[in-house]
Amino acid sequence: MLNNIVKIRNDEFNELRDIIYKNSAITFMESKKYLLENRLSKRLNELGHKTYKDYINYLKYDKDNKGEMERMINLVTINETYFLRERPQMDHLVKTTLPEMLAAGKKQCRIWSAACSTGEEPYSLAMLMTEAGLYNKMKIEIMATDINSDVVEFAKKGEYRSMSFRGTPEQFTKTYFTPDKTNFLIKPEIKDKVRFNTGNLTGPTIGAQMGKFDVIFCRNVLIYFDAETKTKVVTMFYNALNAPGYLYLGHSENISKLTDKFKVINFGSGLMHTKAK
Amino acid sequence: MNISISTNNGRAVITVSEDAAHDDYAKIAPAVEQAGQLSEICLDLKGMFYITSAQIAELVAVAKLGNSKKTPVVLLNVNPGVYESLELANLLGQFAFRQDYSCYTLAELIDMFNNPENASDVSDYFVSHYTGDVKKALTANIQSLDFDNPIVQEYSLITIGRAYDDAAIDNIRNCLNSQYPNVVHSTILVLGWLGDMSSKEKIYSFLTSNTIELADAAGASIALLSDDDDTAKLAKLAESGSNTLRMIIAGILALINGNEAFAVLSAMFAKEKDDEVRKMLTRYLSYFNKPEATDTLIKLLDDSSKAVQEAAAAGLERTGLRGHEDVVLKKVAVGGMISYFAVKALGKTCSDASATALIGLYDKIEPITKLAVLEALGHCSGDTVKDFLLKRLSDQNEDIRKEALSSLGKQFKGVAAAEAEKMIRGDASWQVRYQALEILEEIRPANFAAILKDIKQKDDNRYIQEKVSELLGM
C-alpha cells in the first residue's frame, strides 16, 4: 500500500545502469527503464527517497546503508519467478525428453538449473519428475546454481512466500509444501533432490566446476548479457552437455545467430536446443 | 514476405522480418516516395532477433532516406540482440526507439501477459485501447475458475479493473474463490477499484489471511470502499491484531485520510511498543496534511528509536515544516540520515537564514548531507549562495560539482550558462558534463548550436553523444 512508482530521469537511469553494470556485468537497455522503476520504486518508498538521484547518493555515500548496493543489485537482477513458470518446457522435459532418454537405455540423468534464482525452477522440476514417477525409473540428479549467494541460501532453506505460487494449483502446493505461519516450507523429499551452489555463468571455471550434464535449463537470463557474453555462455553450455544433450532457454532467447552447433526443436509451446550425438 | 509496408494517417509502418535481404529493403524507398508527406517512417522489428552487418547498412540507408525527407525514422519493438548490435555500431543516435503494441495481434498481446517484464505494459496498452474485441477476449479469460492459465487470468482481471469495466462483475466476484493466490489478489484489488460494496465484507475476511499479499490487497480495497463505519471497525481490529495487521490497518487509515482516521492512527501510535510498527506508523502519519501531523513528527525527531527519528525526518519533507524550521535546523548537525532528511525538509522552502546556517554547517557534515545542502541552495538566492556554489564547482567530488552546477542553473542562469559551457568542454566526469548540457539546453545561449556541434565531434561518452544527437535533431 502507498507505494508509488517513482519515475526515473534519463541521467539517473544512465548512472544507475552504469553502477549495475560495474557491479554485476548486467546491461540494461534504454527500453528497460520501466523495469528499474517497477523493481526499485518500493525500495525508494521504504527508504523515504523521492527521486533516483537521492537513492543513488544514498547508495554511494551513506556509510550506514548496510549492504544497500547488494540489495539493489538483487532487486534488479533477480528474476521474478514462481513455481511452474513457463511450464510447457518443464512438461516437455518430463513427458518427452526423459522418456526418450529412458527408451534409449539411459539409466541416469544430470540436470543443471543454471541461474536458478530462489530455487523455484529446480524444485518445480523435481516435483514434476516425482509426479511422473521418473525417480523410480532412473537416477536423476539436479544441480542448481546462481551467482547470488543470498538467493542460493534462500533456495536451500526452501521457505517460500505465497507469491512464489502464482500460477501453481492448490493441490500441488498441498502435496509438496507444509504451511508455516505466512510461509510455505518445501517438503524434505523434494528438497533433498536438489543440490544448490553459487556459480557465475560468465566465470572462467564454471564449466569445469560443474562437470557434464544431460539437460540444462537457463531461462530468461541470457537477455541480460551482451552479445559477446551470451556467445561465451552458450559455448560453455555446449561443452558442458553430453551428446545427446538438451538445452532449454527462455521463450524469447533465440541463439540461432550466436551458434549453429545446436539443433533447434520447436515443440509447439516452446523451443529446445539439442546437442546431437 | 520479408517486408510489408503500410501507410496510415501520414505514418508509414514497414514490418521487417529477420530474413529480409537487399531486394526486400529496396522496396522501401519507392514506397516512401509514393506515400508523399509522412510524419514518421516506422520500421517494426518485432520479428528480428539478430541482425547482420548488411542489414544494419540497410537500416542506415532508411535513416538517410528519412533524413533527406526530414522525416524521423523510428525503430519499433526492437529485440535486445538487435539493439546491442546497433549500440556496438554506435548507431543508437540515428534512430528513435519505441515499443508499439499496435503491431501485435490480440492473441500475441495476451500471450505477453506471461512475461512479467511486459505484462504491465501490455495491460496499459489494452486499457488505452479497450475495444469490443479486447473486452470480449479478456472477459472470456475470467469466466471460469478452471481457466488453465492463472497468470493470464490475473492480468485479464487487472486490465478489466483498470478499464473500469464492471459488465462482468459476477465473474469477477467469483474469482475470489480461485485456488490461485495471484488470481484472488488481483480480484480483491479490482473489486476495490470498481467500488463493489457488496464484496466488502468478504474482502474484510482477507485482512487476516496468512498470505500477506492478500491482506495487503484487502487493505487497499477496504480503503477505497470505506464509509463512516469503517474507521471504528478498523480501530477495533487493530487492538487484537498482529504486527502485520496493525501496519496494514495504519496504511488503510492513511488512505482514508480523514479526521477520525488521524485520531485512530494517533491512538494506535500512542499504544504501540514494537519499533518496526512504530516506524511504519510514523511514515503513515506524514500522509495527513494536518498541523497536528507535523507537530507529532517534530516530537518524534527525538524518539528513542533511530529508525523512527529517520522516518519522522523523512515525513517532514512530505508535510512541510509549518514554522518548525529552527528545530529541524538543529538536527542537521546530528549526523546520519536524520541530518540528510532534515536538510531535505528545509530545502523546500529554504529561507535566507536557513541558507546561511546550512553554508555554515557544510564543512562539518557528511557527503550525502552536503549534496542535500547543495540541492537546497538551488531554492535560495543572494551573492553568498552564488559564491558558495561557484566554489564547489572545483571540488574533487564529481557529485558535488554536478549538484552545485544544477543549483546554479536554477537560480543564477547567467553565471550558470558560462560555467556550464566551461564544464561541458573540460570536466572529467560525464555526469557533470551531462548536467552542463541539460543546463545549456534549458538556457539556450546564443552559441548553443555551435557548442553542440563541437561537443558532438569531441566528446566520446555515449550518453553525451545520444543527448547531443537528440538536441541536434539527428
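Residues numbered from 1 in each chain as written. Chains lettered and ligands numbered in written order. Predicted model: local features only at pLDDT ≥ 70, side-chain atom pairs only at ≥ 80, totals over all residues. Heavy atoms only, no water.

**Structural notes on the nonpolar core**
Residue and element names in this part refer to chain A.
1) Next: Leu-16 and Met-72 are the most contacted members of the largest nonpolar core, which totals 162 residues.
2) Next: Among residues more than four places away in sequence, those in contact with Leu-16 are Ile-8, Leu-36, Leu-40, Tyr-52, Ile-56, Leu-59 and Met-72.
3) Next: Grouped together as the second largest cluster of nonpolar side chains are 39 residues, Val-94, Cys-109, Met-127 and Phe-217 included. (Core = buried A, V, L, I, M, F, W, Y, C linked by side-chain atoms within 4.5 Å. Buried < 20%, exposed > 50% of the residue type's maximum accessible area, 1.4 Å probe, protein only. Contact = heavy atoms within 4.5 Å.)

**Here we look at the domain arrangement of chain A**
Residues and elements named next belong to chain A.
1) Next: If you check the domain split of chain A, you get domain 1 (2-76) and domain 2 (87-275).
2) Next: Taking only C-alpha atoms into account, the centre of domain 1 sits 29 Å from that of domain 2.
3) Next: Three residues, Ile-26, Thr-27 and Asn-74, lead the burial of domain 1 against domain 2; their summed loss comes to 51% of the area buried on that side.
4) Next: Between domain 1 and domain 2 we count 0 salt bridges in total.
5) Next: Where domain 1 meets domain 2, there are 0 residue pairs in polar contact (both at pLDDT 80 or more).
6) Next: Secondary structure elements with two or more residues in the side of domain 1 that touches domain 2: helix 2 (33-47) and helix 4 (68-77). (Domains from an automatic or database assignment. Buried area = accessible area lost by both parts, 1.4 Å probe. Salt bridge = Lys/Arg side-chain N within 4 Å of Asp/Glu carboxyl O. Polar contact = N/O pair within 3.5 Å; in protein donor to acceptor, adjacent residues only side chain to side chain. Helix = DSSP H or I, 4+ residues; strand = E, 2+ residues; numbered from the N terminus.)

**Here we look at the domain arrangement of chain B**
All names here are of chain B.
1) Next: Under the domain assignment used here, chain B contains domain 1 (3-103), domain 2 (104-225), domain 3 (289-377) and domain 4 (402-474).
2) Next: With centres defined by C-alpha atoms, the gap from domain 1 to domain 2 works out at 37 Å.
3) Next: Each side of the interface is counted separately: domain 1 has 7 residues, and domain 2 has 9 residues.
4) Next: Taking both partners together, domain 1 and domain 2 bury about 620 Å²; carbon and sulfur atoms supply 54% of that area.
5) Next: Looking at the side of domain 1 facing domain 2, the largest losses of area belong to Lys-46, Tyr-101 and Ser-102, adding up to 82% of the total buried there.
6) Next: The interface formed by domain 1 and domain 2 contains 1 salt bridge.
7) Next: The shortest N-O distance in the salt bridge between Glu-108 and Lys-46 comes to 3.3 Å.
8) Next: Looking at the side of domain 1 that touches domain 2, its residues break down into 2 nonpolar, 3 polar and 2 charged. (Nonpolar A, V, L, I, M, F, W, Y, C, P; charged D, E, K, R; others polar.)

**Some words on the packing of helix 1 (residues 10-24) of chain A against helix 3 (residues 52-61) of chain A**
Residue and element names in this part refer to chain A.
1) Next: Two elements in contact, helix 1 and helix 3, have axes separated by 10 Å at closest approach and are oriented at 30°. Considering the angle they form, helix 1 stands roughly parallel to helix 3. Helix-helix and strand crossings are classified by hand; for helix 1 and helix 3 the assignment is left-handed. Two secondary-structure elements touch here, helix 1 through Glu-12, Glu-15, Leu-16 and Ile-19 and helix 3 through Tyr-52, Lys-53, Ile-56, Leu-59 and Lys-60.
2) Next: Within the contact of helix 1 with helix 3, the residues separate by chemical class into 5 nonpolar, no polar and 4 charged. (Axes fitted to C-alpha atoms, helices over the stretch in contact; angles between N-to-C directions. Parallel < 35°, antiparallel > 145°, perpendicular 65-115°, else oblique. Left-handed = near helix turned anticlockwise from the far one by under 90°.)

**Details of the side chain of A:Thr173**
Residue and element names in this part refer to chain A.
1) Next: Within the secondary structure, Thr-173 is located in helix 8 (residues 170-176).
2) Next: For Thr-173, a relative accessible area of 12% corresponds to the buried category.
3) Next: What Thr-173 contacts, discounting residues up to four positions off in sequence, is Phe-165, Thr-168 and Phe-184.

**Observations concerning helix 1 of chain A**
Note that an α-helix has 3.6 residues per turn; residues three or four places apart therefore point the same way.
1) Next: An ideal rise of 1.5 Å per residue puts 21 Å on 15 residues; helix 1 of chain A measures up with 21 Å between its terminal C-alpha atoms.
2) Next: The complete set of buried residues in helix 1 of chain A reads A:Asp11, A:Glu12, A:Phe13, A:Asn14, A:Glu15, A:Leu16, A:Arg17, A:Ile19, A:Ile20 and A:Ser24.
3) Next: Close packing links the buried residues of helix 1 of chain A with helix 2, helix 3 and helix 4 of chain A together with helix 24 (398-411), helix 26 (430-443) and helix 28 (462-472) of chain B.
4) Next: Within two residues after helix 1 of chain A, A:Ala25 carries a phi angle of roughly 65°, on the positive side. (Expected span 1.5 Å × (residues − 1).)

**Let's talk about the interface of chain B and chain A**
1) Next: Each partner contributes to the interface: chain B provides 62 residues, whereas chain A provides 56 residues.
2) Next: In this assembly, chain B packs against chain A so that about 5300 Å² is buried in total across both faces, 51% of it on carbon and sulfur atoms.
3) Next: For chain B, the biggest contributors to the area lost against chain A are B:Tyr50, B:Glu84 and B:Glu117; these three give 14% of the whole.
4) Next: Linking chain B to chain A there are 8 salt bridges.
5) Next: Across the chain B-chain A interface, the total number found is 12 residue pairs in polar contact (both at pLDDT 80 or more).
6) Next: Across the side of chain B that touches chain A, the residue classes break down as 29 nonpolar, 13 polar and 20 charged.

**Some words on the sheet that holds strand 6 (residues 194-198) of chain A**
Residues and elements named next belong to chain A.
1) Next: Sheet architecture is open: 7 strands sit in the order 6-2-1-7-8-10-9, paired in mixed fashion. Looking at which strands have only one partner, the edges of the open sheet turn out to be strand 6 and strand 9 (263-266). When the angles between neighbouring strand axes are averaged without regard to direction, this sheet yields 20°.
2) Next: Taken together, the 5 bridges between strand 7 (residues 213-218) and strand 8 (residues 241-249) define a ladder with parallel strand orientation. Paired with Val-215 across the two strands is Tyr-246, which belongs to strand 8.
3) Next: Contacts from helix 6 (residues 120-131) reach strand 1 (108-114), strand 2 (139-146), strand 6 and strand 7 within the one sheet, and its direction differs from that of strand 2 by about 165°. (Pairing = 2+ DSSP bridges.)

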